[in-house]
Amino acid sequence: RSFRKKRERPRPEQWKGLLGPSRVPEPEDVTVPDGVDLLALPQLCFPGGVCVATEPKEDRVHFLVLTDVCGNRTYGVVAQYYRPLHDEYCFYNGTTHWEPSWPAVGAAGCFVPYAVCVVSRFPYYNSLKDCLSCLLANLKLCKDFEVDNPIKDFAAKLSLIPSPPPGPLHLIFNMKPLQIVFPARADPESPILDLDLHLPLLCFRPEKVLQILTCFLTEQRIVFFSSDWALLTLVAECFMAYLYPLQWQHTFVPILSDQMLDFVMAPTSFLMGCHLDHFEEVSKEADGLVLINIDHGSITYSKSTDNNVDIPDVPLLAAQTFIQRDVKNHLNYEHRVFNSEEFLKTRAAGDHQFYKQVLDTYMFHSFLKARLNRRMDAFAQMDLDTQSEEDRINGMLVSPRRPTVEKIASRKSSHLQVIHRRMVVSMPNLQDIVMPELAPRNSSLRLTDTAGCTGSSAVLNVTPKSPYTFKIPEIHFPLVSECVQAYYADFVTLLSKAMGFLAPDNSLLLARYFYLRGLVHLMQGQLLNALLDFQNLYKTDIRIFPADLVKRTVESMSAPERAQAEQAPELMRLISEILDKPHEASKLDDHVKNFKLPKEYMQLDDFMKRVQESGIVKDASTIQRLFEALTVGQQKQIDPETFKDFYNCWKETEAEAQEVSLPWLVMEHLDKNECVYKLSSSVKTNLGVGKIAMTQKRLFLLTEGRPGYVEISTFRNIEEVRSSSTAFLLRRIPALKIKVASKKEVFEANLKTECDLWHLMVKEMWAGKKLADDHKDPQYVQQALTHVLLMDAVVGTLQSPGAIYAASKLSYFDKMRKEVPMALPKTTVETLKHKINPSAGETFPQAVDALLYTPGHLDPAEKVEDAHPKLWCALSDGKVTVFDASSWTIHQHSFKVGTAKVNCMVMADQNQVWVGSEDSVIYIINVHSMSCNKQLTDHCSSVTDLIVQDEQRAPSKVYSCSMDGTVLAWNVSTLRVTSRFQLSSGGLTSIRLHGGHLWCCTGNSIMAMTTNGFLCQELKIEEIEENFKGISTSFLAFQLLPEQEQLWAACAGRSEVYIWSLKDLAQPPQRVPLKDCSEIICMIRVKKQVWVGSRGLWQGTPRGKIYVIDAETKTVEKELVAHMDTVRTLCSAEDRYVLSGSGREEGKIAIWKGE
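Residues numbered from 1 in each chain as written. Predicted model: local features only at pLDDT ≥ 70, side-chain atom pairs only at ≥ 80, totals over all residues. Heavy atoms only, no water.

Undergrad: Can you help me understand the overall build of the protein in this one?
TA: Along the backbone of the protein there are 31 helices and 51 strands. Within the protein, buried positions represent 50% of all 1155 residues. Total accessible area computed for the protein in this model is approximately 56300 Å², and 52% of it derives from carbon and sulfur atoms. (Helix = DSSP H or I, 4+ residues; strand = E, 2+ residues; numbered from the N terminus. Buried < 20%, exposed > 50% of the residue type's maximum accessible area, 1.4 Å probe, protein only. Areas by Shrake-Rupley, 256 points an atom, 1.4 Å probe, with all protein chains shown as cover.)

Undergrad: Quick question: what am I supposed to make of the nonpolar core here?
TA: Soluble globular proteins tend to pack their nonpolar side chains together in the buried interior. Phe216, Phe224 and Val264 are the most contacted members of the largest nonpolar core, which totals 146 residues. Core analysis: the next-biggest nonpolar cluster, separate from the first, contains 64 residues, Val611, Ala620, Val740 and Trp758 among them. (Core = buried A, V, L, I, M, F, W, Y, C linked by side-chain atoms within 4.5 Å.)

Undergrad: Would you take a moment to explain the sheet that holds strand E10 (residues 270-275) for this structure?
TA: Within a beta sheet, neighbouring strands are joined by backbone hydrogen bonds and run either parallel or antiparallel to one another. Strand order in this open sheet of five strands is E9-E10-E8-E11-E12, and the pairing throughout is mixed. The open sheet has two edge strands, strand E9 (251-253) and strand E12 (298-301), and neither has a second partner. With strand direction ignored, the average angle separating the axes of adjacent strands in the sheet is 20°. Pairing of E9 with E10, which is carried by three bridges, proceeds in the parallel orientation. Its bridge partner being in E10, Phe252 is matched across the sheet by Leu271. (Pairing = 2+ DSSP bridges. Axes fitted to C-alpha atoms, helices over the stretch in contact; angles between N-to-C directions.)

Undergrad: Help me understand unusual backbone geometry in this model?
TA: Among all residues save glycine, negative phi is the norm, and among peptide bonds the norm is trans. The amide bond that connects Lys176 to the next residue, Pro177, takes the cis arrangement and shows omega of 10°. Structurally, Pro177 can be placed in the loop between strand E6 (169-175) and strand E7 (178-182). That bond from Tyr244 to Pro245 is cis: its omega, 10°, falls within 30 degrees of zero. For Pro245, the position within the fold is in the loop between helix H6 (229-242) and E9. Its identity as a non-glycine residue notwithstanding, Lys752 has a phi of 55°, on the positive side. Relative to the elements of secondary structure, Lys752 occurs in the loop between strand E23 (747-750) and helix H26 (755-775). You will see that Lys1114, though not glycine, has its phi angle at about 60°, which is positive. Summarising the element assignment, Lys1114 is placed in the loop between strand E47 (1101-1110) and strand E48 (1116-1123). The class for Lys1114 is buried, based on a relative accessible area of 18%.

Undergrad: Mind showing me how you'd approach the packing of aromatic side chains here?
TA: Working definition: an aromatic ring pair is given by the centre-to-centre distance plus the angle between the planes. Summed over all chains, the structure comprises 33 aromatic pairs. Pairing Phe224 with Phe239 gives two aromatic rings, centres 6.1 Å apart and planes at 25°, and the pair type is stacked. Here the residue Phe224 occupies a position in strand E8 (residues 221-226), and Phe239 occupies one in helix H6, the gap between them amounting to 15 residues. The pair Phe224 / Phe239 is uniform in exposure class, with both members buried. Feature note: the residues Phe204, Phe216, Phe224, Phe239, Tyr242 and Trp248 constitute an aromatic cluster, connected by ring pairs. Positioned over the ring face of Trp766 is Arg817, at 4.6 Å from the centre of the ring. (Phe/Tyr/Trp six-rings, centres within 6.5 Å; stacked < 30°, edge-to-face > 60°. Lys NZ or Arg CZ within 6 Å of the ring centre and 35° of its normal.)

Undergrad: Looking at this model, I keep getting lost on the pattern of salt bridges. Mind explaining?
TA: Side chains bearing opposite charge may pair, as long as their charged atoms lie close to each other. Applying the stated criterion across every chain, the model contains 36 salt bridges. With a shortest N-O distance of 3.6 Å, Asp773 and Lys769 are connected by a salt bridge. Taken together, the residues span about one helical turn, with Asp773 and Lys769 both in helix H26 at a distance of four residues. Residue Asp773 is classed as partly exposed on the basis of its relative accessible area, which comes to 22%. For Asp774, the salt bridge is made with Lys770, and the minimal N-O distance between the two is 3.0 Å. (Salt bridge = Lys/Arg side-chain N within 4 Å of Asp/Glu carboxyl O.)

Undergrad: Could you clarify how one ought to interpret helix H23 (residues 620-630) in this entry?
TA: For an α-helix the count is 3.6 residues per turn, leaving residues at separations of three or four pointing the same way. Taking burial as the measure, the 11 residues of H23 include eight buried ones, the bulk of the element. Among all positions in H23, only Ala620, Thr622, Ile623, Arg625, Leu626, Phe627, Ala629 and Leu630 are buried.

Undergrad: Whenever I open this one, the environment of Arg73 confuses me. Can you help?
TA: By secondary structure assignment, the location of Arg73 is in strand E2 (residues 73-84). Between the C-alpha atoms of Arg73 and Phe122, which are 49 residues apart in sequence, the distance is 8.4 Å. There is a polar contact of 3.4 Å between the side chain of Arg73 and the backbone oxygen of Trp248. (Polar contact = N/O pair within 3.5 Å; in protein donor to acceptor, adjacent residues only side chain to side chain.)

Structure representation (structure tokens):
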């Protein structure tokens, strides 16, 4: 038979069996729930047709997936059971009908199939199967007339059970005789998994599992076959779960009834399932299908006029890390570009077919969208948890990455192991080799001993936590209004009781209880209580906040209800956000571009964008210098051919660097993190013949013949670099001469045509190293390396007499060394310890808005690196980057806390950091998971300061203030406001706690308030203006020195620090003038010193400066030239170090030695 003709044939009759002529029942009125497509449900409940049997058969369960035109899936669980056919009565769709007697041909020996189907928005396969098994046990005890009520009660009971919110809380309810568990999804982005994921491993060998996954990854037309209808859906769902975080985006019909077989003729990708009886039929009629026989564990292909379907094998590397960091390394987040060609170049040539097919799929495109949107799902969290130290360090590098000596050594080691294995295979007497015995087949697959598997740091060893459970109250019948309301009341009571028993810090579980109680309150019609419960999710776990549900709830409220809700301060903000800003939530930018070389001429802006998309360089100022280099002597635009040559030259150099293999003898002389960035041709030098190699630290000669190592110099020890020429016969050969501090003999190399380029590169690296040493900033070396490699690419691109002059446009640090004095003042150099760049990898530097140092502490539940001290750095637009303060390397790349400027940060306890934002929200970061899932929204304007109650025991109270003059006191454990007061003047910028009083700084005054809001003392700005000739000013910052009983303050437009005695604020203040200071920005107390951050002049140039003032003598001890831009913020690290952050012109953090 041909499927193509099936639609023309009459439909098969609905009833067939032993009872004489078939009879088609009259059509019935079936109401379809809104938004759920049930048109195909009857035939899917009996996918093999309805057959009357002569004897009772076993009950069977199978599973359905229904998809609407928008791609939304609905799930069904169907239970089939047989009942004896009685004379005179038939039962159709829950209604009993009297019918004339059937012909008396053994009617008593006939059994008719019935089906009960539960439809759900969620794939609760096991749970609903257990529910139906309980129902069937009851139905079998009922007579034909009695089945209506049990089914109605069953349906009503299920409809009263809420779906659990994402997280660790599962719901249990009593469906006699079983206790049914509804599992929750792991997080809002993860799928619900209510099936046995090991099922495919019982049906297929491991290599077949990988082959099937390849079919999914390459989006083939897949058909599963089995004699068991239940296996079709379960096995298909398991394979889709294996794909995570990729998601199958195409047609999914796991069960095709006999009348739906022509679906397999669809030309697009699909995943379907058929009964095994149709295997031969489908195989012959349809072309280009992957046919998977679950019962036999086999994979075949349907007959085709062309060659069989070409399914590539899964490369081993893809099975391990294909989607993990390899893809991420070729993403450009700013311009949403994926460079597929460069990704393919990192794969083995034999694996390209597999990767090309996968990269072209819609599911991979959707995966890229999620990554570029920085979706923080379980996969992204795992990626962070398994990040190696090398990945963290690479996050700080602005120069192109090259293989380190350590990586080259590891490659050599693994290569030797491969050679050793090949040698063993090629040896004779293979029968003498004793192979290790495999573990017995019945051994546990889950309890494998991994004690010996300690070599891989990428393996995430996490003990799964047992989920919590909550038992839903009993549902009493009959389900009249009173009984339902009693059920809701019991539900709320049990939830409230469970919340009362929780520890205050168990916010994860508390959030789930709030969510469930909010749902129940909605069902009760108590909208105000529901909104209060949902509002509490801000303080417990914002990830599960049901925004759409809350919006619909608010819009459905009557005017009196809304007015009542707005009287509650915590709800007023929630309602205004939902109703007043409905259109401000812009949609995420979902486009993903594949990098392509330009085809048109480029001006500077377009060229900058193209270079950033290519992943070569991100820094805008460097790209501008590159543009100048490539357009020397011509119109200021770059043609496509030049860009293509430059791109290819850069990528070829990058590929060659990946292939560099150094002898063991050479690697012994290098540091493990050194990389070879440039190799010369073989040249003659005064140290021998060989190739000159450049790393980020030194120059050395790789001698020819027997490979050896001869050090030329480290960049730090170079005294002079010059280009000259050496006489050879009748010619002058260009030569490079390097004078080294520790050696009398000048190094000389006859570099010939490479001489000028090497002269530029060595001078740039020398200048970069000098800058790095003077400023204690290793980023200068990394930036110099980028300049050097760009010079090399420019010369390779232009290949003209003017190429060296063009490359000299990139000699930035060498010019800086000649034009500007590089050395900082001696005091600055002695006090400065190190500099780090939180904006590394960004297009432009970003201002450092706030800094926080948190001390390390050992916790057995943490990883070792999580116990290290940390530096929290708030950048522009709510970005927070975390550094490991023991090594000053990246611990956590930037994550977002809102989109507004961060004003302040404080460590509330060992588990959480509080962040005050310009958007009036306090964000709470979990220091263990590095996630921000809690928000405090009680302030109505910009949060300007946070302080922790200074007690010997663990802090239990945090004070926050906002620009409108509001001061709130928070209980850290419960996140509840314990007290509040309001300053009438507003303009509140900072607060301090001293002597049981809160000192509040506004623009017009500094006030000492009790914690209940009563004024004790006040220092007004008018008194200062009277003392200083009436010039108007305002307070900018202040500090309290309890030991000296002093108040130190800075005022706008003044270059002085004013000091008052706390005993008598009416007395005129002492003044400490700050030389060459233009404006004071911030100040902190460190032991017996006050550090003042400012903007000032150094050698006539604006700079960020720090003044260190002795608190006892009130004199400036040190004047530190800190940054190229204003010092925006200061913080202390255990009074041993002081950290300063600069404005956006520089965007760096300096670490200073404290006294």
